[in-house]
Every structure is written in C-alpha cells, then in structure tokens.
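Report on the structure
The residues making up each chain are set out below.
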Amino acid sequence: MAEISKGTIFPAELVTEMFSQVKGKSSLAALSQQIPIVFTGTDIFTFSMDAEVNLVGENEANSEGGAKVVPVKMMPVKIEYGARVSEEFMTASEEKQIEILQAFNEGFAKKVGRGLDIMAMHGLNPRTGAASELITQHFDKGSQTVTYTAADPDANIEAAVAAIGDYDMTGIAMAKTMSADMAKLTNGKDGPKKYPELAWGGQPNAINGVAASVNTTVSFGSTTKDVAIIGDFANCFKWGYSKQIPVEVIPYGDPDNTGKDLKGQGQVYLRAQAYIGWGILDDKAFARLVTA
C-alpha cells in the first residue's frame, strides 16, 4: 500500500489536489434507486401476477388468476479502504485534520461507487479482481446475453430489448469501448454523427431518451466480456447502505497487515468502512451485450 509522507499531506491544498484525481462513479447508482437496508439484511418481496385480468359477465363465475410472492435478500457486505499517513497528522490544527478527513472521505465515496458496480455487475472483489464467494448475486451470474457486434451496436441493443420481453428498458450502462463504437456511427455514409453526444468521450445522462451511464466498471475484470448492461434498473435493481461511512484514525499496531508497526514508522492509519448491499429482483429484466 502506498504511504503518504508529511511532504504530501501538507499543505492542505495538496490533499485537495490528490483526491480530486481519485476516479470513480457508480453507473448502477445513477440508473437505479437507493433504499435503506439494515445490518442483518433486507428482504425485498417481489409480487407477480402472471395471468391477465378476467372479463366477467353478469352471473358468471370468477376464476383464479394466481399470484406469486418471492423474497430477494439484500445482504450487506463490508468494504474498506485505508492509507498510512505521517503522524504529524495528529498534531496538525483541527481545521487541517478536518480538511484531510473530508478529502479522504470523498475519495472513499468514489471508490465505493466503483466497488458497487464491480461487485454487483461481475461478482468480483474490486481490489483483487478475483471472484468472491461473499457475493451471491450479480448480473454476470444470471442475466441474458446478446453477442456484441462493434459495427452495429444499435441492432445489438434492439436484440437486448427484445430479450427482456415485457420489462421496460429504463437504462443502459455501457463500457467505453461501446461508447466509442457508437460515436463513430453516422446517418448515411457521409451524414452527420448519429450520437454526437458520445463524441470525444462524452458522458451523457441519456441516449434516445433512455437513462445512460458510460463507465469502465462495465468491462472491469480480466475475464469479463461485458460491453453493456441494459434493462429495468428503475424497478428491478435496488441498493443501499446499512449505515453512514465512518472514518477511523488508528495510531497503533499494524492495521493493514504489512508487517510495519505504525509507531515504528512514525505513521497513523486512516480507515473508512461501509456496509453496502444490493438486490437484482429479476434476472429476466436485464440483458448483457458481450463480446464473442
């Protein structure tokens, strides 16, 4: 783990500069709804009526349509981020300490956003890139797939929309490779750009009236083939925190298991933790565009 020395922790504007360079956002958070969840997990009950309504004439008998209630468990997982800083942090003015902790917290929040995507999309530990047994549901596990063709992404999206059937397409999360492919499309051989909002790495919030998010998290992972996830994010994906993000200042020991004692190194440790959970209410509401 990289260490932060006194020279880079002061003055405060250097900290602001450092954390302004922390990259990260969540496409899933942008496309879906956040709900409160408890530490022990939250059950979301999906209520479905598979039959249509029945037309009943006068004096005719009613018939059963049927209903099914299925619970989806949103079990929060713990994520953390820590960094060693010079012990001069402890003797800095309260104002500078608050500035540093605020910057650290903001940077961590961005990493949480990326982490939500990587875990819920691919079932991976964001730091190691390896599959995690702690993650029981993610898009790569059960959602439908459509083979992606770089020359015709529009046709691929239409095929994905057809695959989700009666569900609405309320959003699309796409990798930058697909965004670049769509930016090349024109209306006719020498016509204007079909998606000018995607040119030059554009980050539109909507495309063709559908909520959109371009993010490297969609294709994160050495074996991931995803270039886009489309579906009913507004109704069939939920996420949330079980509590606010705490930032802890640890002055002793070896909290990051590096074998280096903090006191011996003249350092303290900043650690932020969060409990975050999500639920995919129906895999059939989503389809992924994947490379062959």
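Going by the structure above, here's the rest.
A brief look at the structure comes next. Model, not experiment: these values are computed from the prediction. (Residues numbered from 1 in each chain as written. Predicted model: local features only at pLDDT ≥ 70, side-chain atom pairs only at ≥ 80, totals over all residues. Heavy atoms only, no water.)

On to the overall build of the protein chain. When helices and strands are counted, the protein chain shows 9 helices and 14 strands. Buried positions account for 42% of the 292 residues belonging to the protein chain. Carbon and sulfur atoms make up 52% of the accessible area of the protein chain, which amounts to about 15,900 Å² in all. (Helix = DSSP H or I, 4+ residues; strand = E, 2+ residues; numbered from the N terminus. Buried < 20%, exposed > 50% of the residue type's maximum accessible area, 1.4 Å probe, protein only. Areas by Shrake-Rupley, 256 points an atom, 1.4 Å probe, with all protein chains shown as cover.)

Here His138 lies in the loop between α4 (94-122) and α5 (139-142). Of the residues examined, His138 reaches a relative accessible area of 15% and is grouped as buried. If near-sequence neighbours (up to four positions away) are discounted, His138 is found in contact with Met119, Ala120, Met121, His122, Gly123 and Ile280. (Contact = heavy atoms within 4.5 Å.)

What follows covers the nonpolar core. Within the largest apolar cluster, 39 residues are counted, with the highest numbers of intra-cluster contacts made by Leu28, Phe139, Phe237, Ile276, Trp278 and Phe286. The element contributing the most residues to this core is α4, with 8 residues. Leave out the neighbours within four places in its chain, and Phe139 touches Leu28, Ala120, Met121, Ile229, Phe233, Phe237, Ile280, Phe286 and Arg288. Counting 21 residues, the second largest nonpolar core, distinct from the first, contains Ile172, Met178, Val214 and Ala228. (Core = buried A, V, L, I, M, F, W, Y, C linked by side-chain atoms within 4.5 Å.)

With that settled, consider unusual backbone geometry. Residue Trp200 is not a glycine yet carries a positive backbone phi of 60°. Mapping Trp200 onto the fold places it in the loop between α7 (176-183) and β8 (206-207). In this model, Asn257 sits at a positive phi of 55°, which is unusual for a non-glycine residue. Residue position: Asn257 is located in the loop between β12 (247-250) and α9 (262-265). Since its relative accessible area comes to 68%, Asn257 is described here as exposed.

Another aspect to go through is the sheet that holds strand β6 (residues 144-147). Strand order in this open sheet of 6 strands is β6-β14-β10-β7-β9-β8, and the pairing throughout is mixed. In this open sheet, the two edge strands, each paired with only one partner strand, are β6 and β8. Relative to strand β9 (residues 210-214), strand β7 (residues 171-174) runs parallel, the two sharing 4 bridges. Directly across from Met174, in β9, lies its bridge partner Val214. Strands β7, β9, β10 (226-231) and β14 (286-290) of the sheet are contacted by α7, whose axis makes an angle of about 105° with β7. (Pairing = 2+ DSSP bridges. Axes fitted to C-alpha atoms, helices over the stretch in contact; angles between N-to-C directions.)

On any regular strand, side chains alternate: one points to one face of the sheet, the next to the other face. Counting buried residues in strand β11 (residues 237-241) gives 4 out of 5 residues, a clear majority hidden from the surface. Pairing analysis gives 2 bridges linking strand β2 (residues 33-34) to β11, with the strands arranged parallel. Its bridge partner lying in β11, Gln33 is registered against Lys238. Where β11 lies against strand β13 (residues 267-280), 5 bridges are found, and the strand directions are antiparallel. Across the sheet, Lys238 pairs through a bridge with Gly279, a residue of β13.

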